[in-house]
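So you can see what is in the structure, the chains are spelled out below.
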Amino acid sequence: LDLGAYRPAIRAFTRVSALRPQSAAGHHQRGLALGKAGDYEDAINAYKMAIRHDPKLAISYNNIGVLLGKIGRMDQALKFYESAVEIDPDYNDAALNIEAA
């Protein structure tokens, strides 16, 4: 992936996270941009910050699972998928990820 294409989004959401450190949405969006750029470890950390500020943000748990799966940490990924479904039993993407794991 081309990090350059995501650099403006990463900068913008890094600023949002700095200006509004309690904003789970800002951290989540930063995680999305970092993940798209291939910076999986920093993306995982951004999603964890989002979860710290909103423990019910099922999509951040699922996205951590996806990234952990991409780096071969499937046992850990499964735990995050399961957490996402525990928070939101109707979250089909996380349920499908559990089946695929």
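Quick word on the overall build of the protein chain
Across its full length, the protein chain holds 6 helices and 0 strands. Each helix and strand of the protein chain, ordered N terminal to C terminal, gives the series α-α-α-α-α-α. The C-alpha atoms of the protein chain give a radius of gyration of 13 Å, which matches the 13 Å a tight globule of 101 residues would have. Expressed as lengths along the three principal axes of its C-alpha atoms, the size of the protein chain is roughly 35 × 30 × 20 Å. Here the protein chain holds 101 residues, and 34% of them are scored as buried. Put simply, 42% of the contacts in the protein chain that link residues at least 6 apart link residues at least 24 apart. Carbon and sulfur atoms make up 52% of the accessible area of the protein chain, which totals about 5900 Å². For the protein chain, the distance from the average position of its 12 positive side-chain charges to the average position of its 12 negative side-chain charges is 11 Å.

Remarks on the side chain of Ser17
Position of Ser17 relative to the elements: it lies in helix α1 (residues 3-19). For Ser17, a relative accessible area of 9% translates into the label buried. Here Phe13 takes part through its backbone oxygen, which lies 2.9 Å from a polar atom of the side chain of Ser17. Non-local contacts of Ser17, meaning those with residues more than four positions away in its chain, are made with Gly26, His27 and Arg30.

Brief notes about the packing of aromatic side chains
Two aromatic rings, taken as a pair, are described by how far apart their centres are and by the angle between their planes. Counted by the stated rule, this structure contains 1 aromatic pair. Between Tyr61 and Phe80 the ring centres are 6.3 Å apart and the planes differ by 35°, which places this aromatic pair in the tilted class. Separated by 19 residues along the polypeptide, Tyr61 in helix α4 (residues 58-70) and Phe80 in helix α5 (residues 74-87) bring together distant segments of the chain. Each member of the pair Tyr61 and Phe80 is classed as buried.

Notes on helix α3 (residues 40-53)
Here α3 spans 20 Å end to end across 14 residues, near enough to the 20 Å set by a 1.5 Å rise per residue. Of all the positions in α3, only Ala43, Ile44, Ala46, Tyr47, Ala50 and Ile51 are classed as buried. The arc enclosing the buried residues of α3, seen along the axis, measures out at 160°, which places them on a common side. Of the surrounding elements, those touching the buried residues of α3 are α2 (24-36) and α4.

Examining the packing of α4 against α5
Contact pair α4 / α5: the axes reach a minimum separation of 8 Å and the direction vectors enclose 165°. Considered as vectors, α4 and α5 are oriented roughly antiparallel to each other. The two elements α4 and α5 cross, and the hand of that crossing is left-handed. Contact with α4, carried on its side by Ala58, Tyr61, Asn62, Ile64, Gly65, Val66, Leu68 and Gly69, involves Met74, Gln76, Ala77, Phe80, Tyr81, Ser83, Ala84 and Ile87 of α5 and no other residues of that element. Tallied by class, residues from the contact of α4 with α5 come to 11 nonpolar, 5 polar and no charged.

Conventions and cut-offs
- Residues numbered from 1 in each chain as written.
- Predicted model: local features only at pLDDT ≥ 70, side-chain atom pairs only at ≥ 80, totals over all residues.
- Heavy atoms only, no water.
- Helix = DSSP H or I, 4+ residues; strand = E, 2+ residues; numbered from the N terminus.
- Rg over C-alpha atoms; globule rule 2.2 N^0.38 Å.
- Buried < 20%, exposed > 50% of the residue type's maximum accessible area, 1.4 Å probe, protein only.
- Contact = heavy atoms within 4.5 Å.
- Areas by Shrake-Rupley, 256 points an atom, 1.4 Å probe, with all protein chains shown as cover.
- Lys, Arg positive; Asp, Glu negative; His and termini not counted.
- Charge placed at Lys NZ, Arg CZ, Asp CG, Glu CD.
- Polar contact = N/O pair within 3.5 Å; in protein donor to acceptor, adjacent residues only side chain to side chain.
- Phe/Tyr/Trp six-rings, centres within 6.5 Å; stacked < 30°, edge-to-face > 60°.
- Expected span 1.5 Å × (residues − 1).
- Arc of directions from axis to C-beta.
- Axes fitted to C-alpha atoms, helices over the stretch in contact; angles between N-to-C directions.
- Parallel < 35°, antiparallel > 145°, perpendicular 65-115°, else oblique.
- Left-handed = near helix turned anticlockwise from the far one by under 90°.
- Nonpolar A, V, L, I, M, F, W, Y, C, P; charged D, E, K, R; others polar.

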